[in-house]
Amino acid sequence: MSIELMKPPHAETDRSRDRSQPLSNLGPDETLKAGSNHLRGTIAEGLLDEITAGVAYSDQKLLKFHGTYQQDDRDVRDERRRQKLEPAHQFMVRVRLPGGVCTPAQWIKLDALARAYGGETLRLTTRQTFQFHWILKHNLKATIQGLHEALLDTVAACGDDTRGVMCAVNPGLSGLHAQIYDLARGASDHATWKSGAYHEIWYGEKKVASSQEEEEPFYGKTYMPRKFKIGFVIPPSNDIDVYAQDLGFIAIVHGQKLEGFNVVIGGSMGRTDGKPQTYPRLASLIGYVPLDKVTQTIDAVMSVQRDYGDRKDRAHARFKYTIDDKGLDWIKAEIETRLGFPLEPARDFVFDTNGDVLGWSESDGGLAQFTLFIENGRIASRPGNTLMDALLAIAKVHSGTFRLTPNQNLAIADVTREQRPVIQALLEQFGLANQGGASALRRNSMACVALPTCGLAMAESERYLPGLISKIETILARHNLIDEPITLRVTGCPNGCARPYNSEIGLTGRAVGKYNLYIGGGFHGQRLNKLYRENIGEAAILETLDGLFGRFAGERKPGEHFGDFVIRAGIVPEVIEGRHFND
C-alpha cells in the first residue's frame, strides 16, 4: 500500500526563505559549500587528472554529498611514505537505499560491480545500505553509472544532508512493513538535495538550471550544518535504534492499522575524545503526528536545524547541540510554529528488543523470510568464504526482495511457498541453513569498518571483533552465560558509526590495540552507557569483563539484562541525558 506524502501548505514560503549568512559567520566547511556551485566544485576536472589517484581536498569534502569518501590503504601508508609515494588512494562508495530494500536484479548488479571494482567485497552497513570499498578513482564513474543502470544512486549517502532513511525490518508484519517502507522511500526522495551536479558529473548530463536557488529550494547554498538522520520503527522492536536518529518516527498501530507516529528528535552517537563539550545523545520524545503529516514534520524539523544549527564549529553542529543549547521546549515550539499546528500528546508504546529474528519466519501475508547472520555485514569472495557466491546464486532464482537490517544482517524476503524449498536447498548447499551456531553475544554484536580503509580509525574494529568475541565467549561459558543476549559494539574511533554508546558493552578505539570500555547501555537502545575503563588493551578488557560477568552471573535478577544489572548494582551510574555522559 502506497502512502502519498503530502507537501505542507507553508512549504513554498519556508523553502524560499532567505537563509544566507555573511561569510564571516561561517566556518571553513560552510564557506566551501557556499562557493561550490551547488556541490560541483572541481570534481569533474579532478576525476580526469591522471597524475594522482586522489582529488583535491575541497573536492574530497564535496564528494561526500555524492556518496563517496576518499580513503587510502592504511596497511601500506607508512611504507609508501618511506618510499616517498602518495598514499594508496581509493574510494568508499555508499548506495542510497532507503529502508534497506533491494531487488534480486539490483543485487546481481551490485555483485558484479563489487567483483569488477570493489575488491570482490560488499559491506552491509548499520544504516541498511551497501558500501563498496577499494574503488579506484578511474572506476568511480563506471561504478556510479553501473548503479544507475540498476535504478540505484549514491546521492546524499554522505555529506551535510539527509542521510539514508532507515526502516524497521519486521518479518511478521509484511503489510505494515510495506507502508513504512513507502514512507521511508518517499522521505528519502523528498529530502534529497536537488542540484543538477550529480547528473552532470556522473551521468554526463548538461546543466539546465540557471538559478542556484532554484536548484536547492530547501537547502540553499550551505545545505545542512551537519548530517541529518531519519528513521521509521515499528514497536516492539527498536531495530533501527530510533533514539540514535536526528528525527525518528515510532509507529503507532491499532490492530493492523498504522495510525500515525510518535516523534523523537536529537539523537546522535558521535563525540570527540578530549572534548567534553561533545557527547552522544538519545532522541527526545516530543509528541505525536497523524499519518498524513509525516512530510510536513520532516520539513519543519529539518528547517529548524537548517536555520539554527551551528555553522562555525562543526564539532557543535549536530541537531542534538541545537536542541540542548536552545532548550527542548523552545525547539518543539518552533517546530509547531512551522507545522502550523500543535503536536498531539505522545501515544503509548513498548520496545523490548533491537535484534533480528534469524532463520525462517512467516509473514502476515503468507510469505516467508530467511534472515542470515552476517558478521559485521561483510560479504566477500575469498578462499574458504562462499557467502558472496551463495547470495548471488540465491539472487538469480529469487523473485522477492532482499532487506538489509540495521544490525548488518540480510533478510531474503517475500519468499513464496513454491520458492521456499529452492532457497532452502541453496542455503544448505552453501552451509547457511543453520542460523543457530553463533553465540548470543556474537549475534548481538556490531563493528564499524575502521582499519585499513577508514581515515578516522585509531584502532581495529571489523577485523578485530570476531577474534575478541571468541575470547569473551570463553569467559561467558565459564560463568554459564553463553546463551545470554548482550549487545556489544566496537568502533575504531569515538565517532560512533556502529552506535557503541547505547550498547550494553561498547568499545571505542583510542590507539592501535587500545580502547575505551563503556558499560550500562540499554538492551534495546533506550539508555546511554558510561565510561568504565579508559585506554586499555585486550588483556585488561578481558579481565574487566570477567569480573563483571562473574558478578552478573551471581547477583542478577531473573530476566535482568547485563546493562540493567550494572546500573542496579551501582557499578556505573545511569545515563539518560547526553549532557551528563562525560560527568
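Here is what the cut-offs are and how they apply
Numbers given to residues run from 1 along each chain, matching the order in which its sequence is written. Only residues with pLDDT of at least 70 get local features here, since the model is predicted, and only at 80 or more are side-chain atom pairs given and counted; chain-wide, interface and lining totals rely on the full set of residues. In computing side-chain properties, one takes all heavy atoms of the structure into account and sets aside hydrogens as well as water. Lines fitted to the C-alpha atoms define the axes, with helices restricted to the stretch that makes contact. Angles between their N-to-C directions range from 0 to 180 degrees. Per the convention used, a helix needs a DSSP run of H or I reaching at least four residues, while a strand needs a run of E reaching at least two, with both numbered from the N terminus. For classification purposes, an angle smaller than 35 degrees is called roughly parallel, one larger than 145 roughly antiparallel, one from 65 to 115 roughly perpendicular, and anything else oblique. In a left-handed crossing the near helix is turned counterclockwise from the far helix by less than a right angle, and in a right-handed crossing that turn is clockwise. By the convention used here, residues are in contact when the closest approach between their heavy atoms is within 4.5 Å. Here the nonpolar group is Ala, Val, Leu, Ile, Met, Phe, Trp, Tyr, Cys and Pro; Asp, Glu, Lys and Arg are the charged ones; every other residue, Gly included, is treated as polar. Here, a strand pair is defined by DSSP locating no fewer than two bridges between the strands. Side-chain rings of Phe, Tyr and Trp, where Trp is taken by its six-membered ring, are said to pair if the distance between their centres is within 6.5 Å; with planes under 30 degrees apart they count as stacked, over 60 as edge-to-face, and otherwise as tilted. Between buried and exposed lies partly exposed: a residue is buried under 20% and exposed over 50% of the maximum accessible area for its type, with that area taken using a 1.4 Å probe on protein chains only. Think of a polar contact as two N or O atoms within 3.5 Å of one another; within protein, one of them needs to be a possible hydrogen donor and the other a possible acceptor, and neighboring residues in sequence only count if both atoms come from side chains. One less than the residue count of a helix, multiplied by 1.5 Å, gives the span that helix is expected to have. The directions from the helix axis to the C-beta atoms are what the arc is built from.

Caption draft 1: Geometry of the packing of helix α6 (residues 104-117) against helix α7 (residues 140-149). Closest axis-to-axis distance for the α6/α7 pair is 10 Å, and the angle between their directions is 170°. Considered as vectors, α6 and α7 are oriented roughly antiparallel to each other. By crossing handedness, the relation of α6 to α7 is classed as right-handed. Contact residues: K109, L110, L113 and Y117 in α6; A142, T143, G146, L147 and E149 in α7. In the contact of α6 with α7, the residues fall into 5 nonpolar, 2 polar and 2 charged.

Caption draft 2: Looking closely at the sheet that holds strand β7 (residues 230-233). The strand order across the open sheet formed by 5 strands is β6-β7-β8-β9-β10, and the pairing between neighbours is mixed. A strand with exactly one partner marks an edge of an open sheet, and here the two such strands are β6 (166-167) and β10 (284-290). Judged from the 2 bridges that link them, β6 and β7 form a sheet pairing that is parallel. In the sheet register, M166 faces β7, and the bridge partner there is G231. Lying on the sheet, helix α11 (residues 294-308) is in contact with β7, β8 (247-254), β9 (257-265) and β10; it crosses β8 at an angle near 155°. Docked against the sheet, helix α13 (residues 328-339) engages β9 and β10, running at close to 20° with respect to β10.

Caption draft 3: Just the packing of aromatic side chains, in detail. A full pass over the atoms with the stated rule returns 23 aromatic pairs. Here the aromatic rings of Y198 and Y203 are separated by 5.5 Å at their centres, their planes lie at 90°, and the arrangement is edge-to-face. The two residues Y198 and Y203 agree in class, both being buried. Look at Y464 and Y515: their rings are 5.5 Å apart centre to centre, the planes differ by 10°, and that puts the pair in the stacked class. With Y464 in the loop between β16 (445-447) and α17 (465-478) and Y515 in strand β19 (residues 514-519), this residue pair connects regions lying 51 residues apart in the sequence. Judged by relative accessible area, which is 17%, Y464 ranks as buried.

Caption draft 4: Examining the sheet that holds strand β4 (residues 121-124) more closely. The 5 strands are arranged β1-β2-β5-β4-β13 in an open sheet whose pairing can be described as antiparallel. Strands at the two margins of the open sheet, each flanked by one partner only, are β1 (68-72) and β13 (378-380). Between one strand axis and the next, the sheet turns through 25° on average, direction left out of account. In this structure, β4 lies alongside β13, joined through 3 bridges in antiparallel fashion. Paired with L122 across the strands is I379, a residue of β13. Seen against the sheet, α6 touches β4, β5 (130-135) and β13 and runs at an angle of roughly 20° to β5. Sheet strands in contact with helix α14 (residues 387-397) are β4 and β13, and its direction is about 85° off that of β13.

Caption draft 5: Quick peek at the environment of Q60. Structurally, the position occupied by Q60 is in helix α4 (residues 57-63). Note on Q60: relative accessible area 22%, which makes it partly exposed. Separated by 261 residues in the primary sequence, Q60 and Y321 have C-alpha atoms spaced 26 Å apart. The residues touching Q60, leaving out its near neighbours within four places in the chain, are V55 and Q70. Reaching out from Q60, the side chain makes a polar contact with the backbone oxygen of V55 at a distance of 3.1 Å.

Caption draft 6: Quick peek at α17. Between the first and last C-alpha of α17 there are 20 Å, a value that for 14 residues agrees with the 20 Å anticipated at 1.5 Å per step. Those residues of α17 that fall on the buried side of the exposure criterion are L465, L468, I469, I472, E473, I475 and L476. Looking straight down α17, one finds its buried side chains confined to an arc of 165°; they lie on one side. Tucked inside the fold, the buried residues of α17 contact α16 (440-443), β16, β17 (488-491), β18 (505-511) and α18 (538-555).

Caption draft 7: Main features of helix α15 (residues 420-429). For α15, the complete set of buried residues consists of I423, L426 and L427. End-on view of α15: buried residues confined to an arc of 100°, all on one side of the axis. Structural note: α15 exposes E428 and Q429 on the side pointing more than 90 degrees away from its buried face. Of the residues one or two after α15, G431 is the one with positive phi, at around 70°.

Caption draft 8: Molecular detail of the side chain of Q369. Considering the arrangement of structural elements, one finds Q369 in strand β12 (residues 368-372). A distance of 3.5 Å separates polar atoms of two side chains, one belonging to Q369 and the other to T371.

Caption draft 9: Summary view of the packing of helix α12 (residues 319-326) against α13. At their nearest, the axes of α12 and α13 sit 6 Å apart, and the two run at 110° to each other. The orientation of α12 with respect to α13, classified from their angle, is roughly perpendicular. Between α12 and α13, the residues in contact are F319, T322, I323 and K326 and L328, W330 and I331, respectively. When the residues that make up the contact of α12 with α13 are grouped by side-chain class, the tally is 5 nonpolar, 1 polar and 1 charged.

Caption draft 10: View of the environment of L456. Structurally, the position occupied by L456 is in the loop between β16 and α17. Counting along the chain gives 36 residues from L456 to G492, while the straight-line C-alpha distance between them is 7.9 Å. If we skip the residues at most four places from it in the chain, L456 touches R74, C493 and N495.

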